[in-house]
Amino acid sequence: MLSKKCQYALHALLYLAELDKGTSVTIGEIAETKKIPKKFLEVILLDLKNSGILGSKKGKGGGYYLKQSADTIRIIEVIRLIDGAVAMLPCVSLNFYASCGMCSDEQTCSINRLFGQVRDETLKILSGNTLSDLVK
């Protein structure tokens, strides 16, 4: 399940993607429009800025804007940035692997095999969709 933080990140990015290219928006406007707690949104937008997805301008007309094109921002990137692992079990995670400690042999574990398939299908869907796909 996506964390609330990740859900808010996706909603904020979608809001920015729906604007004209290069348009800056204040944290307050995004928070009010998308009903996201402002203090929490500040942390989220800073994470997105530090990752290079967003840029920011200071002063009059300032705020946050998409630094990358919406068609290059993959949903999987946002989820991994904010939530980390996409896999439902640590023993099937590609980027955050850890043994679950429940089975003696992951190669023959039917639970590992099933959730590996779930991971693969999830990755296929999330990797194949960008922010611009959500705008359409």
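Computed from a predicted structure; not experimentally measured.

Quick notes on the pattern of salt bridges
Line of reasoning, step 1. Applying the stated criterion to the full structure yields four salt bridges.
Line of reasoning, step 2. One salt bridge connects Glu42 with Lys39, and the closest N-O pair in it is separated by 4.0 Å. Of the two residues, Glu42 and Lys39 both sit in helix α3 (residues 38–50), three residues apart, roughly one turn of that helix.
Line of reasoning, step 3. You can call Glu42 partly exposed: its relative accessible area is 27%.
Line of reasoning, step 4. Lys39 gets classed as exposed once you look at its relative accessible area, which sits at 65%.

Here's the deal with the confidence of the model for the protein chain
Low pLDDT marks regions whose predicted coordinates should not be analysed in detail.
Line of reasoning, step 1. When the pLDDT values of the protein chain are averaged, the result is 93; 100% of them are 70 or greater.
Line of reasoning, step 2. Confidence, expressed as mean pLDDT per element, reaches its minimum in the protein chain at strand β1 (residues 54–57) with 93 and its maximum at helix α1 (residues 4–17) with 97.

Structural notes on the packing of helix α4 (residues 75–83) against helix α5 (residues 110–127)
Line of reasoning, step 1. Two elements in contact, α4 and α5, have axes separated by 7 Å at closest approach and are oriented at 115°. Here Ile75, Ile76, Ile79 and Arg80 of α4 come into contact with α5, specifically with Leu123, Leu126 and Ser127.
Line of reasoning, step 2. Of the residues that constitute the contact of α4 with α5, the class distribution is five nonpolar, one polar and one charged.

Brief notes about the pairing of strand β2 (residues 63–66)
Line of reasoning, step 1. Bridge count between β1 and β2: four bridges; the pairing is antiparallel. Residue pairing for β2: Lys57 is matched across the bridge by Gly63.
Line of reasoning, step 2. Connecting the antiparallel pair β1 and β2 is a turn made up of five residues, with Gly59 showing a positive phi of about 85°.

Concerning the packing of aromatic side chains
Line of reasoning, step 1. Scanning all chains against the criterion turns up one aromatic pair.
Line of reasoning, step 2. On the basis of an interplanar angle of 80° and a centroid distance of 5.7 Å, the ring pair of Tyr8 and Phe40 is categorised as edge-to-face. Residue Tyr8 is found in helix α1, and its partner Phe40 is found in helix α3; the two are separated by 32 residues along the sequence.
Line of reasoning, step 3. Overall, the relative accessible area of 16% leaves Tyr8 in the buried class.
Line of reasoning, step 4. Since its relative accessible area comes to 30%, Phe40 is described here as partly exposed.
Line of reasoning, step 5. Note that Lys57 overlies the ring of Tyr65, its terminal NZ or CZ placed 5.7 Å from the centroid.

Focus on unusual backbone geometry
For residues other than glycine, phi is negative in most cases, and the peptide bonds are mostly trans.
Line of reasoning, step 1. The phi torsion at Lys35 lies on the positive side, around 60°, for a residue other than glycine.
Line of reasoning, step 2. As for its position among the elements, Lys35 is in the loop between α2 (27–34) and α3.
Line of reasoning, step 3. Looking at Lys35, the relative accessible area reads 66%, which means it is exposed.

Quick word on the side chain of Thr130
Line of reasoning, step 1. Position of Thr130 among the secondary structure elements: in the loop between α5 and α6 (131–135).
Line of reasoning, step 2. Using a relative accessible area of 5% as the deciding quantity, one classes Thr130 as buried.
Line of reasoning, step 3. Within polar-contact distance, the side chain of Thr130 engages the side chain of Ser132 at 2.9 Å.
Line of reasoning, step 4. Sequence-distant contacts of Thr130, defined by excluding residues within four places in its chain, comprise Ala70, Asp71, Ile73, Arg74 and Ile75.

Quick notes on the rules
Residues numbered from 1 in each chain as written. Predicted model: local features only at pLDDT ≥ 70, side-chain atom pairs only at ≥ 80, totals over all residues. Heavy atoms only, no water. Salt bridge = Lys/Arg side-chain N within 4 Å of Asp/Glu carboxyl O. Helix = DSSP H or I, 4+ residues; strand = E, 2+ residues; numbered from the N terminus. Buried < 20%, exposed > 50% of the residue type's maximum accessible area, 1.4 Å probe, protein only. pLDDT = per-residue confidence, 0-100. Axes fitted to C-alpha atoms, helices over the stretch in contact; angles between N-to-C directions. Contact = heavy atoms within 4.5 Å. Nonpolar A, V, L, I, M, F, W, Y, C, P; charged D, E, K, R; others polar. Pairing = 2+ DSSP bridges. Phe/Tyr/Trp six-rings, centres within 6.5 Å; stacked < 30°, edge-to-face > 60°. Lys NZ or Arg CZ within 6 Å of the ring centre and 35° of its normal. Polar contact = N/O pair within 3.5 Å; in protein donor to acceptor, adjacent residues only side chain to side chain.

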